[in-house]
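Survey of secondary and tertiary structure
So the chains spell out like this:
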Amino acid sequence: MTLIYPLLALLGAFLTFYLAKHNRFDGIRASAALSIIAYLIFAQLSLNAELYSIVFFGGTFIGMSAPHRFGVYTLASSAIIFSLFFAYLVPILDGFGGALGISAFLSVCICHVFILLGAPRSKKTKI
């Protein structure tokens with residue numbers, strides 16, 4: 001795993017989180033639009049477009065989390081945990097889809113459980 005996975009996951013999570021707060025976007029539209037744009041950028045830069053866009057797309061899953069439950073720090077923690085899970089689950093699971101879904105689910109669940117157990121929450125952003 002390289003440093004690019006956490007950076008892409010963080011970028012996807014934060015862009016989706018903030019774009020979903022605008023009037024014309026919700027979480028699903030923000031995720032879809034940003035994922036398509038990210039894929040086109042990676043393809044134009046001749047990078048590993050399939051892998052990098054999937055990691056970015058997984059980050060957008062994290063960004064679709066409810067803003068009243070997740071703040072900036074929790075969002076960042078979930079994105080980093082997602083990238084770790086994804087990097088280690090891809091070789092184990094058959095294909096990217098299973099690793100993508102379970103990594104996003106587990107990372108959000110872990111952070112939510114910590115919130116329920118009393119972990120400090122970040123202040124809500126006003127946009």
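Residues numbered from 1 in each chain as written. Predicted model: local features only at pLDDT ≥ 70, side-chain atom pairs only at ≥ 80, totals over all residues. Heavy atoms only, no water.

**With respect to the overall build of the chain**
Cut-off, in case you're wondering: A run of H or I in DSSP counts as a helix once it spans at least four residues, and a run of E counts as a strand once it spans at least two, with each numbered from the N terminus. For the radius of gyration, the atom set is restricted to C-alpha positions; the globular benchmark scales as 2.2 Å times the number of residues to the power 0.38. Relative accessibility thresholds used throughout: buried, under 20% of the residue-type maximum; exposed, over 50%; partly exposed, between the two (1.4 Å probe, protein chains only). Here, two residues are considered to be in contact whenever any of their heavy atoms come within 4.5 Å of each other.
The helix and strand tally for the chain stands at 5 helices and 0 strands. Listing each helix as α and each strand as β along the chain from the N terminus yields α-α-α-α-α. Its C-alpha atoms give the chain a radius of gyration of 14 Å, within 12% of the compact-globule value 14 Å for 127 residues. Dimensions of the chain, computed from the C-alpha atoms along their principal axes, are close to 40 × 35 × 20 Å. Relative to its full complement of 127 residues, the chain shows a buried share of 38%. A separation threshold of at least 6 residues defines the contact pool for the chain, and within that pool the share at least 24 residues apart is 68%.

**Remarks on helix α1 (residues 4-19)**
The criterion, for reference: Here, expected helix span is obtained from the residue count minus one, scaled by 1.5 Å.
Helix length check: α1 (16 residues) gives 22 Å between terminal C-alpha atoms against 22 Å at 1.5 Å per residue, within 8%. Looking at the buried residues of α1, the elements they touch are α2 (27-44), α3 (49-63) and α4 (72-89).

**Notes on the packing of α3 against α4**
Condition: Helix axes use the C-alpha atoms of the stretch in contact, all axes being lines fitted to C-alpha atoms, and the angles between their N-to-C directions lie in the range 0 to 180 degrees. Orientation categories follow fixed angle ranges, with anything under 35 degrees roughly parallel, anything over 145 roughly antiparallel, 65 to 115 roughly perpendicular, and all other angles oblique. Crossings are classed by handedness, with left-handed meaning an anticlockwise turn of the near helix from the far one by less than a right angle and right-handed meaning a clockwise turn. Only Asp, Glu, Lys and Arg are considered charged, only Ala, Val, Leu, Ile, Met, Phe, Trp, Tyr, Cys and Pro nonpolar, and every remaining residue, Gly among them, polar.
Running from N to C, α3 and α4 point in directions that differ by 140 degrees, and their axes come no closer than 9 Å. When the axis of α3 is compared with that of α4, the two are oblique. Considering the relative orientation of α3 and α4, their crossing is right-handed. Taking contact as the criterion, the partners of L51, I54, V55, G58, G59, I62 and G63 in α3 are, on α4, L75, S78, A79, F82 and F86. The residue makeup of the contact of α3 with α4, split by class, is 8 nonpolar, 4 polar and no charged.

**Comments concerning the environment of H112**
Turning to its location among the elements, H112 is positioned in helix α5 (residues 96-116). Non-local contacts of H112, meaning those with residues more than four positions away in its chain, are made with R69 and F70.

**With respect to unusual backbone geometry**
Although it is not a glycine, S46 sits at a positive phi angle of roughly 55 degrees. Locating S46 in the fold gives a position in the loop between α2 and α3. Under the relative-accessibility criterion, S46 is labelled exposed at 65%.

**Side note on the packing of α1 against α4**
When two helices pack together, their arrangement is given by the angle between the helix axes and the distance between those axes. Interaxial distance between α1 and α4 falls to 8 Å at its minimum, and their mutual angle equals 140 degrees. Our classification of the angle between α1 and α4 gives oblique. Along this stretch, α1 crosses α4, giving a crossing that reads as right-handed. The segment α1 lies against α4, with Y5, P6, A9, L10, A13, F14, F17 and Y18 engaging V72, L75, A76, A79, I80, F82, S83, F86 and A87.

The values reported here are purely geometric and, on their own, carry no functional implication.
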